[in-house]
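# Structure at a glance
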Amino acid sequence: MRIIVIGGTGLAEQVADALHGAGDEVTVIDTEPGRESALAKAGLRAVHGDALVPSTLEAAGALRADVLVACTQSDEDNLVISLLAKKRFNVPRVIARVNDPANDELFNHSWGVDALVSPATALVSMIRQES
Amino acid sequence: MQVVITGCGRTGRALATRLDAEGDKVTVIELDDTVKRGLPAGFRCRFVLGNGINPRVLEAAGIAHAEAFVALTPNDSANIVSARVARDIYQVPHVLARLHDPAHAPVYTQFGIATVGSVQTTVNRVIQLLHHRTLEPHQTFGNGETLLVRSRVPAYLAGRRVAEFNVPGEIGVVELSRAGHSKIPEPSTPLEDGDVLSFIVAATSLGRLRSFLGGKWS
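Residues numbered from 1 in each chain as written. Chains lettered and ligands numbered in written order. Predicted model: local features only at pLDDT ≥ 70, side-chain atom pairs only at ≥ 80, totals over all residues. Heavy atoms only, no water.

### So, the interface of chain A and chain B
The interface is formed by 18 residues belonging to chain A together with 18 residues belonging to chain B. In terms of surface lost to chain B, no three residues of chain A exceed Glu-76, Leu-106 and Trp-111 of chain A, which account for 30% of the buried area on that side. Applying the counting rule to chain A against chain B returns one salt bridge. Ionic pairing is found between Glu-105 of chain A and Arg-56 of chain B, a salt bridge with its closest N-O pair at 2.6 Å. Put simply, chain A and chain B have six residue pairs in polar contact (both at pLDDT 80 or more) between them. (Contact = heavy atoms within 4.5 Å. Buried area = accessible area lost by both parts, 1.4 Å probe. Salt bridge = Lys/Arg side-chain N within 4 Å of Asp/Glu carboxyl O. Polar contact = N/O pair within 3.5 Å; in protein donor to acceptor, adjacent residues only side chain to side chain.)

### Let's talk about helix α4 (residues 75–87) of chain A
For α4 of chain A, with 13 residues, the first-to-last C-alpha span of 18 Å sits near the 18 Å given by 1.5 Å per residue. Most of α4 of chain A is tucked away: 10 of the 13 residues are buried. Taken together, the buried positions of α4 of chain A are Asp-75, Glu-76, Asn-78, Leu-79, Val-80, Ile-81, Ser-82, Leu-83, Leu-84 and Ala-85 of chain A. Turning to α4 of chain A, the residues buried within the fold contact β1 (2–6), α3 (54–59), β4 (67–70) and β5 (93–97) of chain A together with α4 (76–88) and α5 (105–110) of chain B. (Helix = DSSP H or I, 4+ residues; strand = E, 2+ residues; numbered from the N terminus. Expected span 1.5 Å × (residues − 1). Buried < 20%, exposed > 50% of the residue type's maximum accessible area, 1.4 Å probe, protein only.)

### Quick word on the pairing of β1 of chain A
All names here are of chain A. For β1, the tally of buried residues reaches four of five residues, placing the bulk of the element in the interior. Two elements, β1 and strand β2 (residues 25–30), share five bridges in a ladder whose sense is parallel. In the sheet register, Val-5 faces β2, and the bridge partner there is Val-28. Regarding the hand of the β-α-β motif, the stretch spanning β1, helix α1 (residues 11–21) and β2 is right-handed. Direction of pairing for β1 relative to β4: parallel, over a ladder of four bridges. By the bridge assignment for β4, Ile-3 is matched with Val-67. (Pairing = 2+ DSSP bridges. Right-handed = clockwise from strand over helix to strand, strands pointing away.)

### Focus on the sheet that holds strand β2 (residues 25–30) of chain B
Residue and element names in this part refer to chain B. Taken in spatial order, the six strands of this open sheet run β3-β2-β1-β4-β5-β6, and their pairing is parallel. With partners counted over all chains shown, the strands left at the sheet margins are β3 (46–49) and β6 (114–117), one partner each. Averaged over all neighbouring strand pairs, the angle between strand axes comes to 20 degrees, with direction disregarded. Strand direction decides the pairing type here: strand β1 (residues 2–6) and β2, joined by five bridges, are parallel. The residue bridging Val-4 from the neighbouring strand is Thr-27, located in β2. Each of β1, β2, β4 (68–71) and β5 (94–99) is contacted by helix α1 (residues 10–21), which is oriented at about 170 degrees to β1, the strand it contacts most. In the packing of helix α6 (residues 118–131) onto the sheet, contacts are made with β5 and β6, and the angle to β6 comes to roughly 50 degrees. (Axes fitted to C-alpha atoms, helices over the stretch in contact; angles between N-to-C directions.)

### Thoughts on the state of the cysteines
All names here are of chain B. All told, the structure shown has zero disulfides over all chains when counted by the stated rule. Cys-8 takes part in no disulfide bond, and the closest cysteine sulfur to it belongs to Cys-45, at a distance of 8.1 Å. Residue Cys-8 is classed as buried on the basis of its relative accessible area, which comes to 1%. Of the residues examined, Cys-45 reaches a relative accessible area of 8% and is grouped as buried. (Disulfide = S-S within 2.5 Å.)

### As for the pattern of salt bridges
If the charged atoms of two oppositely charged side chains come close together, the side chains can form a pair. Counted under the stated rule, the structure contains 12 salt bridges over all chains. As a salt-bridge pair, Arg-208 of chain B and Glu-170 of chain B come within 3.1 Å of each other at their nearest N and O atoms. Taken as a pair, Arg-208 of chain B in helix α7 (residues 206–213) and Glu-170 of chain B in the loop between β8 (146–152) and β9 (171–178) lie far apart in primary sequence, 38 residues in all. The partner of Arg-178 of chain B in a salt bridge is Asp-195 of chain B, and the shortest N-O contact between them spans 2.7 Å. In this pair, Arg-178 of chain B sits in strand β9 while Asp-195 of chain B sits in the loop between β10 (181–183) and β11 (196–202), placing the two residues 17 residues apart along the sequence. With relative accessibility at 23%, the residue Arg-178 of chain B sits in the partly exposed group. Among the charged side chains, a network of salt bridges with common partners joins Glu-105 of chain A together with Arg-56 and Glu-59 of chain B.

Okay, here's the thing in structure tokens:
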């Protein structure tokens, strides 16, 4: 699968690494300059730029991507990137990360989000289930 | 008019104060609780602490009954998200958002959000004042990308036709005043000494118009 992962170090990179290890073709968009070589060393294609700018998404191959993961630390950015991916680039599957559980309800189809990952909410529901 | 504003920085505060003075009922949403303490004593607008993208916060600010929503935070994506929530979920009739990074303009356009672009407006205005002082605009449109300019036709251009000034996508002659009478000229209308023309011109083509009028006809 062709997958675009957006976000800097941390979760985004771990996701990208794992997907690449499983044989997917992964492109990472990162706003931080100079990370391309480190990412390339890990076998990942890297695009440096702002994913809120449509040309950056296009350079990362958004028109051909099967999956896009909006995984930045800003919920606002993740929502806007998801909607751009869905509306402008028709990416079939858009997955977004929720940083603040208060914003959970925004992450739905009206923002182009097919699935959300909310670490805090997931943890809380796991704790509830076990107690 | 009931107005909700997100972002209580310099612009948000000034806008809220001005709307309040004009009789509007204003609520300001601000993420940073230290801002409230710094507000001037005379600030009478309602203050709601929270993130303006959050529907609960917007509701607390009275978004359900607002006639206008203005997103003025320093963060473009926060402005896009809250503007779209205000428009699509709460059907606020008038929604405006501030645009900081001109590179984000396509996103606002794609989502149909009307913007006020501080960078673009400032750049267009400064270029206008530095390079094109002689072409003072009668009206500017959008964020200053398009202007309506009036100028007297210099004597040496008498006999030229209106069509010679028209550059598709850049410059268009929309009006001609001659001896106190105004008309919409035909492309074939010949110009006379003393005519005054109204041009609709792209900000990026002001230099070209100036060279037309200033003797550097190319």
